[in-house]
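# Architecture and fold: a report
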Amino acid sequence: MHRSVWCRLWNMTERRIAVPGGQLAVHDFGTGPPIVLLHASIVNSWAWEPLTPYLLDAGYRVVAFDRRGSGDSVTDDVAYSNRADIVAVLDALELDRAALVGNSVGGQIAVDTAIECPARIAAVVTIGANISGWFPQQTPQEDALDAEMERLAAAGDPDDIADLDVRAWVDGPGQPTDRVPDEIRELVREMDRELAASDHQRGTPIPMEPQAAAQLDRLAAPLLAMAGELDFSFAAATARYLEANAPHARAVLIPGVAHMIALEAPAELALLITDFLASVWNDPRRERTIGS
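Notes on the structure follow. (Residues numbered from 1 in each chain as written. Predicted model: local features only at pLDDT ≥ 70, side-chain atom pairs only at ≥ 80, totals over all residues. Heavy atoms only, no water.)

### Looking at the overall build of the protein chain
Scanning the protein chain from N- to C-terminus turns up 10 helices and 11 strands. In terms of overall size, the protein chain behaves like a compact globule, its C-alpha atoms giving a radius of gyration of 18 Å where 292 residues would be expected to give roughly 19 Å. Taking the principal axes of the C-alpha coordinates as reference, the protein chain spans close to 50 × 40 × 40 Å. Per-residue burial over the protein chain gives 57% buried out of 292 residues. For the protein chain, the accessible area works out to roughly 12400 Å², and carbon and sulfur atoms hold 49% of it. Counting 23 positive and 43 negative side-chain charges, the protein chain places the centres of these two groups 5 Å from one another. (Helix = DSSP H or I, 4+ residues; strand = E, 2+ residues; numbered from the N terminus. Rg over C-alpha atoms; globule rule 2.2 N^0.38 Å. Buried < 20%, exposed > 50% of the residue type's maximum accessible area, 1.4 Å probe, protein only. Areas by Shrake-Rupley, 256 points an atom, 1.4 Å probe, with all protein chains shown as cover. Lys, Arg positive; Asp, Glu negative; His and termini not counted. Charge placed at Lys NZ, Arg CZ, Asp CG, Glu CD.)

### A few points about the environment of Asp182
Residue placement: Asp182 occurs in helix α7 (residues 182-197). You can call Asp182 exposed: its relative accessible area is 53%. Spatially, the C-alpha atom of Asp182 lies 22 Å from that of Pro53, the residues being 129 residues apart in sequence.

### Notes on the pattern of salt bridges
Under the definition given, this model contains 11 salt bridges. Salt-bridge contacts for Arg120 lead to Asp91; the nearest nitrogen and oxygen are separated by 2.9 Å. With a gap of 29 residues between them, Arg120 in the loop between α4 (105-116) and β8 (121-127) and Asp91 in helix α3 (residues 82-92) connect regions that are remote in the sequence. Between Glu186 and Arg189 there is a salt bridge, with its nearest N and O atoms 2.4 Å apart. Here Glu186 and its partner Arg189 are both found in helix α7, three residues apart, which amounts to about one turn of the helix. By relative accessible area, Glu186 is classed as partly exposed at 42%. (Salt bridge = Lys/Arg side-chain N within 4 Å of Asp/Glu carboxyl O.)

### Regarding unusual backbone geometry
Look at the link from Glu209 to Pro210: it is a cis peptide, with omega at -15°. Of note, Pro210 is situated in the loop between β9 (204-205) and β10 (223-228). Backbone geometry at Glu94 places phi at a positive 60°, although glycine is not the residue there. Structurally, Glu94 is set in the loop between α3 and β7 (98-103). Positioned with a positive phi, Ser104 is a non-glycine residue whose angle comes to about 60°. By secondary structure assignment, the location of Ser104 is in the loop between β7 and α4.

### As for the packing of helix α6 (residues 158-171) against α7
Between α6 and α7, whose axes approach to 8 Å, the crossing angle comes to 135°. The angle between α6 and α7 falls in the class oblique. Crossing handedness for the pair α6 and α7: right-handed. Contacts from Pro158, Asp159, Ile161, Ala162, Asp163, Asp165, Val166, Arg167, Val170 and Asp171 of α6 reach α7 at Ile184, Arg185, Val188, Arg189, Asp192, Arg193, Ala196 and Ala197. Looking at the contact of α6 with α7 residue by residue, the class counts come to nine nonpolar, no polar and nine charged. (Axes fitted to C-alpha atoms, helices over the stretch in contact; angles between N-to-C directions. Parallel < 35°, antiparallel > 145°, perpendicular 65-115°, else oblique. Left-handed = near helix turned anticlockwise from the far one by under 90°. Contact = heavy atoms within 4.5 Å. Nonpolar A, V, L, I, M, F, W, Y, C, P; charged D, E, K, R; others polar.)

### Topic: the packing of aromatic side chains
Enumeration according to the criterion identifies four aromatic pairs in this entry. Judged by centre distance (4.0 Å) and plane angle (20°), the rings of Trp134 and Tyr241 are stacked. One end of the pair, Trp134, is in the loop between β8 and α5 (140-155); the other, Tyr241, is in helix α8 (residues 233-245), with 107 residues separating them in the sequence. Comparing Trp134 with Tyr241, the two get one shared label, buried. Site record: aromatic cluster; members linked through ring pairs are Trp169, Phe232 and Phe234. (Phe/Tyr/Trp six-rings, centres within 6.5 Å; stacked < 30°, edge-to-face > 60°.)

### Re the side chain of Ser73
Looking at where Ser73 falls in the secondary structure, it is placed in the loop between β4 (61-65) and β5 (74-75). Judged by relative accessible area, which is 0%, Ser73 ranks as buried. Within the structure, Ser73 has its side chain in polar contact with the backbone nitrogen of Ala25 (distance 2.8 Å). In this structure the side chain of Ser73 is engaged in a polar contact, spanning 2.5 Å, whose partner is the backbone oxygen of Asp66. (Polar contact = N/O pair within 3.5 Å; in protein donor to acceptor, adjacent residues only side chain to side chain.)

Keep in mind these values describe shape, not function.
If you want it as structure tokens, here you go:
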């Protein structure tokens, strides 16, 4: 669906939020308990398009924004905190607390933010995420993919970078290239190529210290850690690690999908998220509203 049509159908408000040394493009949908969506590094916030209507139908307010250097957000050549940027979005939208849903590095940022700013984060959902400070062992095939990604990043050809990222992250390591519908593969390729070709300044993210793995006992928010069974092995390993080490965490492995679950299986993902958040917001009426 074309973006402008989708925006009108779902009554989206577009905002520009100033942050130190930059400006964030924020998309704000609906009313109700707020969910902030944090995208993966190979896409921008429009990767949440298929998931958003399900969350809105379940009675949630949905906020998605482009991180600095992605999509329509901009930054100067400054050091900045992704956690502080999330708090800036909450402040600008007058949200005292929100649930964070993060894919890939977006999930890592969500966990960091929940540890650093516990009063502002009601719950965390991670999707195919790692956490800062923990490095699970990979398979030889995955190590080879990582090495090829680094080689292509150094060479700087946007088409080559996007093609490999689609094979690795959308199809999944070692999966056939016809496993995922062409429209999903092309959507990610378009966003990824735009990021790889962009000469926009990206700034320098400031890591949280100590990193999350060293202070999971401080993660007070309930956490749902999800991973696709066709994703890189770190995703499932991280979900299990969080379940074992964070105070209020649960792991869910989803069969038949890889890294970009919101694109592959938005209805299934939305049901898992809304079931989880129903107990967080103490509103049983929101439970299992999708597909019921």
